[in-house]
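# Observations on the three-dimensional arrangement
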Amino acid sequence: MPVLPTAFSPAAVSRVALANAVANGVIVVTGGLVRLTGSGLGCPTWPRCTDDSFVATPELAGHGAIEFGNRLLTFVLTAAAIAIVVVVWRSARRDLRTLAVVSFLGIPAQALLGGITVLTELNPWTVAAHFLVSMVLVAVATTLWLRSREPGVGQPLLRRPLELLILGIAAVTAVVLVLGTVVTGAGPHSGDRNAADRMDFDPASVSQLHADVVFLLVGLTVALLVALHAVDSPGRLRRAARDLLVVQLAQGVVGFVQYFTDLPTVLVLVHMAGAVLITAYTARLVWAVRGPASELPLNSPAKAAVSS
């Protein structure tokens, strides 16, 4: 089988990877807008918008236009995902191929899950799954972009205990996101006035549990930041931990304000955007554990001589 010549520069790969990452984040926010405007069943079926039309009809009014507009954005996301696969395959960055393929395959998976969500009339469990898969794709796309800006994956920059702490922060972040979907599924924003089913949980209780795990997450991130400064870790790690902590605190403030102001639509949408940022910055922290391929290994004699 002939090998295609390298056609795209590292800068081109990085630009397309950034576009793919942004598209994955934007469609989460627009999906939140669909739910918060009660337009979740604006197109009452799938893959058509109605039984007789692929596009929104005048009878569906504003809700139909909002839902159909969000469906159209899927094509933009698909184009970005295809583009990143093409440029990675036609570049020298073979190490990015797995991430590019996963990013692409997530799009049809999400489209199918979105269709199931509509056909089940916004069942809160399928809505939650739809959101969580989006968070995985945001993390993958973010990591792909960050790696594309470096010559390759290098050696670990931290000792094993601190690396495990970072992985623990990522795991707790995942728990926070899952509990966030439970809070949403038990709350009032079902996505459509005809979608009456909600998760059978007490909203106040699951909100408190969600907040408790957020406190744990912030505490772990503070501990990590202190430890990174104590061992004089590389600046990329300290910056990643610091920035993640700032985003966590901002997201926590928004969460508390929206809870005590009866979940206004604007703040809930801001909170959803914050979830995207939390995911992206957590992915950045995990990425920062390994330096670029051009950097010395953690246990190399040269690095040991510098630190002594």
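Remember, predicted model here, so these are calculated numbers, not experimental data.

With that settled, consider the overall build of the protein chain. Helices and strands together make up the secondary structure of the protein chain, namely 9 helices and 2 strands. Reading the protein chain from its N terminus to its C terminus gives the helix and strand order α-α-α-α-β-α-α-α-α-β-α. Against the 2.2 N^0.38 benchmark of 19 Å for 308 residues, the protein chain shows a C-alpha radius of gyration of 21 Å, consistent with a compact globule. A principal-axis box enclosing the C-alpha atoms of the protein chain has dimensions of 70 × 55 × 25 Å. Counting across all 308 residues of the protein chain, residues that qualify as buried make up 45%. Relative to all contacts within the protein chain whose residues are 6 or more apart in sequence, the contacts with residues 24 or more apart total 76%. By element, 69% of the accessible surface of the protein chain is carried by carbon and sulfur atoms, the whole surface being about 15400 Å². Across the protein chain, the 21 positively charged side chains and the 17 negatively charged ones have centroids separated by 17 Å.

Among the secondary structure elements, Gln 248 is positioned in helix α7 (residues 235-260). Judged by its relative accessible area of 3%, Gln 248 falls in the buried class. With residues near it in sequence (within four places) discarded, Gln 248 still touches Leu 217, Val 218, Thr 221 and Ile 278.

Attention shifts here to the state of the cysteines. What we call a disulfide is simply a covalent bond connecting the sulfur atoms of a pair of cysteines. A full pass over the atoms with the stated rule returns 1 disulfide. What pairs with Cys 43 in a disulfide is Cys 49, and their sulfur atoms sit 2.0 Å apart. What sets the handedness of the Cys 43 and Cys 49 disulfide is the S-S torsion sign, and at about -80° it is left-handed. Residues Cys 43 and Cys 49 agree in their burial class; the two are buried.

Enumeration over the complete set of coordinates arrives at 7 salt bridges. Between Glu 67 and Arg 71 there is a salt bridge, with the nearest N and O atoms lying 3.0 Å from each other. With Glu 67 and Arg 71 both in helix α2 (residues 61-89) and 4 residues apart, this pair spans about one turn of that helix. Side by side, Glu 67 and Arg 71 carry an identical accessibility label, which is buried. Asp 243 is paired through a salt bridge with Arg 284; the nearest N and O atoms lie 2.6 Å apart. Placement of the pair is Asp 243 in helix α7 and Arg 284 in helix α8 (residues 265-288), with a sequence separation of 41 residues. Given a relative accessible area of 19%, Asp 243 falls into the buried group. One connected set of salt bridges, linked through shared partners, spans Arg 242, Asp 243 and Arg 284.

Cut-offs and rules
- Residues numbered from 1 in each chain as written.
- Predicted model: local features only at pLDDT ≥ 70, side-chain atom pairs only at ≥ 80, totals over all residues.
- Heavy atoms only, no water.
- Helix = DSSP H or I, 4+ residues; strand = E, 2+ residues; numbered from the N terminus.
- Rg over C-alpha atoms; globule rule 2.2 N^0.38 Å.
- Buried < 20%, exposed > 50% of the residue type's maximum accessible area, 1.4 Å probe, protein only.
- Contact = heavy atoms within 4.5 Å.
- Areas by Shrake-Rupley, 256 points an atom, 1.4 Å probe, with all protein chains shown as cover.
- Lys, Arg positive; Asp, Glu negative; His and termini not counted.
- Charge placed at Lys NZ, Arg CZ, Asp CG, Glu CD.
- Disulfide = S-S within 2.5 Å.
- Salt bridge = Lys/Arg side-chain N within 4 Å of Asp/Glu carboxyl O.

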